[in-house]
Amino acid sequence: MKKLPILILFLSITLVFAFNFKKKNEKKDIQNIQIQEQERYQEICGTIEKGETLYDIFKKYNLNLGEFIELKEASADVHKLRNLYPGQPYKIIIDDSSQINEFLYWIDGDNILNIKRTESGFYAEKIPINYEKKIEYIGGMIKDNLILSVGGDKEKLLLALKLSDIFAWDIDFTTDLRNGDIFKIVVEGLYLDGEFKRYGKILSAEFVNNGKTYRAYRFEHDKTIGYYDEEGKSLRKAFLKAPLRFSCISSRFSNNRLHPILKIYRPHHGLDYVAPRGTPVSTVGDGTVIFSGYKGDYGKLIMIRHPNGYKTYYGHLSKIKDEVKRGVKVQQGQIIGYVGATGLATGPHLHYEMRINDKPINPLKIKLPRGEPVAKTLMSEFIKIRDEMTSRLASIKIQPLLVSLKDNQNKADGRTN
């Protein structure tokens, strides 16, 4: 009877050993399968070149053109494959017989188009890029213009454009800026695998223009996203202060101006914005196109009717967007055409007019009502966000050139990027 416990112990050890041996073999089998899978599939990686289409890519790598048609059909309702843009990455995963298993295309900074082979054919979906978000603190002083002051690289350029969009109803960045103006930005920094990729949402911003301080706080409620001032009033107004972001005014509103070509004095009931040919022109407010075409001295002209008797004119355009036709509704900030020198013009510029009940008015002097403020029921939530962001903005130290708190800390620690 004493031998029985020893026998049970021996059997237990044997079973544990056998179980572990089996698990180890199973693990090896899985690893072998993974290695075989890796050997079976190959990746084709690249970026879209100027003028390149998906058809060109298929021809370049001798891929099955039948699958090219299947991919186009599968993605038609998600993202049309004719909309591929230069510089955007793509990846094609093929098997050992050059059959496509998966196609990935980086649509923009936020989404990837993923088309995968399934038992029933190809399936397409848009996958959001999962960034790690960090809060960045950026501040600087204006020297010459906003673009140069914020920075020269692509991401800083886009950040400057976002900032100008936020304050576009209060500050005309073509005429109002002064050297020494100050800007501060609290913004999301988006990272992948620890590497900075781009800026995300601007959470709050401050702009001191000619001694006057403007602040903006991002607030989301009831699926509505907007920027508001310290009192919860919307920064959005019925009209933008300017129809294009960065240029300069060469001729102002006047009832008696010497015409540069005709050399006679006559009214100039608008503003002339000098800008390079091809600069995008945006509508300053929501409205309906009432004229789109060529009209005498105006050259290529767009006229838009807005609510409450307002009309705006955009003249001397080099090109009008194809979809901007009579009767079409347009939204504030929508690009409608491009700067040119058509009609009676000495060089590329935009002639911009505003009228109310067909009477010309000076766009620089008009005061317009704001959008809806933060609802009273949401004010306590807004105030909490406002106070936190005000504290963050106050922590940004300004130097003559663009700096960030992160860069300052790196310098203090003796690190360089």
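Now for a description of the structure that goes with this document. (Residues numbered from 1 in each chain as written. Predicted model: local features only at pLDDT ≥ 70, side-chain atom pairs only at ≥ 80, totals over all residues. Heavy atoms only, no water.)

### Digging into the overall build of the protein
Scanning the protein from N- to C-terminus turns up seven helices and 23 strands. Buried residues in the protein amount to 41% of all 417 residues. The long-range share in the protein, meaning contacts at least 24 apart out of those at least 6 apart in sequence, stands at 61%. Accessible surface computed for the protein: about 24400 Å², of which carbon and sulfur atoms make up 53%. (Helix = DSSP H or I, 4+ residues; strand = E, 2+ residues; numbered from the N terminus. Buried < 20%, exposed > 50% of the residue type's maximum accessible area, 1.4 Å probe, protein only. Contact = heavy atoms within 4.5 Å. Areas by Shrake-Rupley, 256 points an atom, 1.4 Å probe, with all protein chains shown as cover.)

### Some points on the sheet that holds strand S1 (residues 42-47)
The five strands lie next to each other as S1-S2-S3-S4-S5, forming an open sheet whose pairing is antiparallel. Either end of the sheet is taken by a strand with one partner, and the two such strands are S1 and strand S5 (121-128). Neighbour-to-neighbour, the strand axes of the sheet open up by a mean angle of 15°, direction not taken into account. As paired elements, S1 and strand S2 (residues 89-94) share six bridges and run antiparallel to each other. Across the sheet, Gly 46 pairs through a bridge with Tyr 90, a residue of S2. Where helix H3 (residues 65-75) meets the sheet, it contacts strand S3 (100-106), strand S4 (111-118) and S5, and its direction lies at approximately 50° from that of S5. (Pairing = 2+ DSSP bridges. Axes fitted to C-alpha atoms, helices over the stretch in contact; angles between N-to-C directions.)

### Brief notes about H3
Since one α-helical turn is 3.6 residues long, residues separated by three or four positions face the same way. Of the positions making up H3, those classed as buried are Glu 67, Phe 68, Leu 71 and Ser 75. Viewed end-on, H3 has its buried residues packed into an arc of 110°, placing them on one side of the element. Tucked inside the fold, the buried residues of H3 contact helix H2 (54-60), S3, S4 and S5. Capping of H3 at its N-terminal end is provided by Asn 64; its side-chain oxygen lies 2.7 Å from the backbone amide nitrogen of Gly 66. (Arc of directions from axis to C-beta. Polar contact = N/O pair within 3.5 Å; in protein donor to acceptor, adjacent residues only side chain to side chain.)

### Re the pattern of salt bridges
Summed over all chains, the structure comprises 17 salt bridges. One salt bridge connects Lys 91 with Glu 43, and the closest N-O pair in it is separated by 4.0 Å. In this pair, Lys 91 is assigned in strand S2 and Glu 43 in strand S1, connecting sequence segments 48 residues apart. Judged by relative accessible area, which is 23%, Lys 91 ranks as partly exposed. You can call Glu 43 exposed: its relative accessible area is 52%. Glu 67 serves as the salt-bridge partner of Arg 117, at 2.4 Å between the closest nitrogen and oxygen. Of this pair, Arg 117 sits in strand S4 while Glu 67 is found in helix H3, placing the two residues 50 residues apart along the sequence. Here Arg 117 falls in the partly exposed class, since its relative accessible area comes to 29%. A relative accessible area of 5% means that Glu 67 is categorised as buried. Residues joined by salt bridges that share partners form a network here, namely Lys 201, Arg 218 and Glu 220. (Salt bridge = Lys/Arg side-chain N within 4 Å of Asp/Glu carboxyl O.)

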